[in-house]
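Survey of secondary and tertiary structure
Residue strings, one per chain:
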Amino acid sequence: MSLARIDPQIAGIILDEERRQCSSINLIASENYASLAVLEAQGSVLTNKYAEGYPGRRYYGGCRNADQAEEIALHRAKDLFGAEYANVQAYSGSIANMAAYTTLINYGDTILSMALDQGGHLTHGSPISFSGKLYRPVFYGLDRETGQIDYDEVERMAVKNMPRLIVVGSSSYPRILDYKRFRQIADRVNAGLLVDMAHEAGLIAAGVHPSPIPYADVATATTHKSLRGPRGGLILCRAKFGASIDRSVFPGLQGGPLMHVIAAKAVAFHEAKQPHFIAYQQAVVENARILADRLLAEGMHLVTGGTDNHRVLVDLTPTSITGKTAESALSQANIVVNKNAIPFDPRPPDLTSGIRLGTPALTSRGFGTEEMARIAQLIVRVLSHIGDEKLYREVRLEVEEMNRRFPTPGIDQ
Ligand SMILES: *Cc1c(COP(=O)(O)O)cnc(C)c1O
């Protein structure tokens, strides 16, 4: 391998990262393991090519292959989601959202979105993001009793604030989102509807979560979360917004597209059309359900009491452990999760009172319901023995045993 010869330092880091990915139980809800085919496309010579513009309308010569790769990616994206128009150039989910705002509203306009501390995203109007500085955000939260979205409350807030755009999407909400109801609310106040399906894109592509495409003016996604593709963004929209979305992405926000990543997105869309992808997403949801059930059976509390999708949000307040402590203890047992605010969290974001768990990554390795039940037990064992190094070691051995049985896609072992 030439990398190891030319730059042993970075080669060593990559090798160690391969080992880390193979030796831990990855429950980070926004991560996944891309296939070897996706990795190959992303690591290809397409990275050398400048292709500013769009297929057939480039600002550089020599774009024959870039054009074909992007055309195929666009065709597959539209086909996979049943969308009228697609743009595959956004470097990330955040840039995809920025392009959607630029197309749908003007600076200073009011947006109505889910509060960050209740499960929204930085790009949905946080004061530390462009979205909170350039637009005027108004936030809806979750119901204190149920932990779920109170759609009547969203409607009241929409009528009161008359937003130009309603933003739907979340990085920790464990329930189905009622896109139709959001559309009705948007229509009532004459607002646009942006659905950010960054997390659910894979579930939606496989039909195991309802699709926002019939209701959204623009839908944005990431390709690296449940969709299992390369790290990047995706924008789908009604045909009438297509030209404006394209202009917003380039030249509005970006320069040359990452053609190697676009080729890898095309591969991921192709993989997502295969029958095994539907079985995979069904397993993702089933695994999350079992994980939730078994955590409940072990006495843990969950926000909303369960899950409909790939995520489980554990409410640690009854245990008095912080999210930060839980994250760190579990990581010592090679179980990787992230601390996460729960609705109405009494603790600050660097501590939190929750952990977020997700099943897309483990399911890509073939983990099933039996393993989920075992993982739920291991999590509870660690959380009820904080500081017990001997127990962490015991759990780590069990984790190693499971890891040996389930090879990680895309990594030679
Ligand atoms: C992950 C995520 C994004 C942003 O994706 P990046 O590629 O990290 O910029 C946007 N919205 C939601 C809801 C997300 O979960």
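Structure shown above.
Report on the accompanying structure. (Residues numbered from 1 in each chain as written. Predicted model: local features only at pLDDT ≥ 70, side-chain atom pairs only at ≥ 80, totals over all residues. Heavy atoms only, no water.)

1. Overview of the sheet that holds strand β10 (residues 233-237)
Note on sheets: strands pair through backbone hydrogen bonds, and any given pair is parallel or antiparallel. The strand order across the open sheet formed by seven strands is β4-β10-β9-β8-β7-β5-β6, and the pairing between neighbours is mixed. One side of each edge strand has no neighbouring strand; the edge strands of this open sheet are β4 (85-87) and β6 (136-140). In this sheet, neighbouring strand axes are inclined to one another by 20° on average, regardless of whether the strands run parallel or antiparallel. Pairing of strand β9 (residues 218-222) with β10 involves five bridges; the strand directions are antiparallel. Considered in β10, the bridge of Val218 is made with Cys237. The strands touched by helix α4 (residues 64-81) within the sheet are β4 and β10, with β4 carrying the most contacts at an inclination of about 130°. Across the sheet, helix α10 (residues 239-253) is in contact with β4, β9 and β10; its angle to β4 comes to roughly 10°. (Pairing = 2+ DSSP bridges. Helix = DSSP H or I, 4+ residues; strand = E, 2+ residues; numbered from the N terminus. Axes fitted to C-alpha atoms, helices over the stretch in contact; angles between N-to-C directions. Contact = heavy atoms within 4.5 Å.)

2. Section: the sheet that holds strand β15 (residues 354-358)
If you trace the four strands from one edge of the open sheet to the other, you get β11-β12-β15-β14, paired in antiparallel fashion. A strand with exactly one partner marks an edge of an open sheet, and here the two such strands are β11 (301-302) and β14 (338-339). Where β14 and β15 come together, two bridges link them in antiparallel fashion. Note on β15: the bridge partner recorded for Asn338 is Arg356. Packing against the sheet, helix α13 (residues 323-332) makes contact with β14 and β15, and its axis sits at approximately 45° to β15.

3. Let's talk about the packing of helix α5 (residues 93-104) against α10
Interaxial distance between α5 and α10 falls to 9 Å at its minimum, and their mutual angle equals 125°. One finds that α5 runs oblique with respect to α10. Note that α5 runs across α10; the crossing there is right-handed. The residues of α10 that touch α5, namely those facing Ile95, Met98, Ala99, Ala100, Thr102, Thr103 and Leu104, are Phe241, Ser244, Ile245, Ser248, Val249 and Leu253. In terms of residue class, the contact of α5 with α10 is made up of nine nonpolar, four polar and no charged. (Parallel < 35°, antiparallel > 145°, perpendicular 65-115°, else oblique. Left-handed = near helix turned anticlockwise from the far one by under 90°. Nonpolar A, V, L, I, M, F, W, Y, C, P; charged D, E, K, R; others polar.)

4. Examining the pattern of salt bridges
Across all of its chains, the model carries 23 salt bridges by this definition. For Asp187, the salt bridge identified is with Arg183, shortest N-O distance 3.1 Å. Residue Asp187 and its partner Arg183 are both found in helix α8 (residues 179-188); the two are separated by four residues, about one turn of the helix. For Arg183, a relative accessible area of 14% corresponds to the buried category. Here Arg405 ties to Glu401 by a salt bridge, and the two come within 3.0 Å at their closest N and O atoms. Taken together, the residues span about one helical turn, with Arg405 and Glu401 both in helix α16 (residues 389-405) at a distance of four residues. Since its relative accessible area comes to 27%, Glu401 is described here as partly exposed. Linked through salt bridges whose partners overlap, the residues forming this network are Glu371, Arg374, Arg381, Lys390, Glu394, Glu398, Glu401 and Arg405. (Salt bridge = Lys/Arg side-chain N within 4 Å of Asp/Glu carboxyl O. Buried < 20%, exposed > 50% of the residue type's maximum accessible area, 1.4 Å probe, protein only.)

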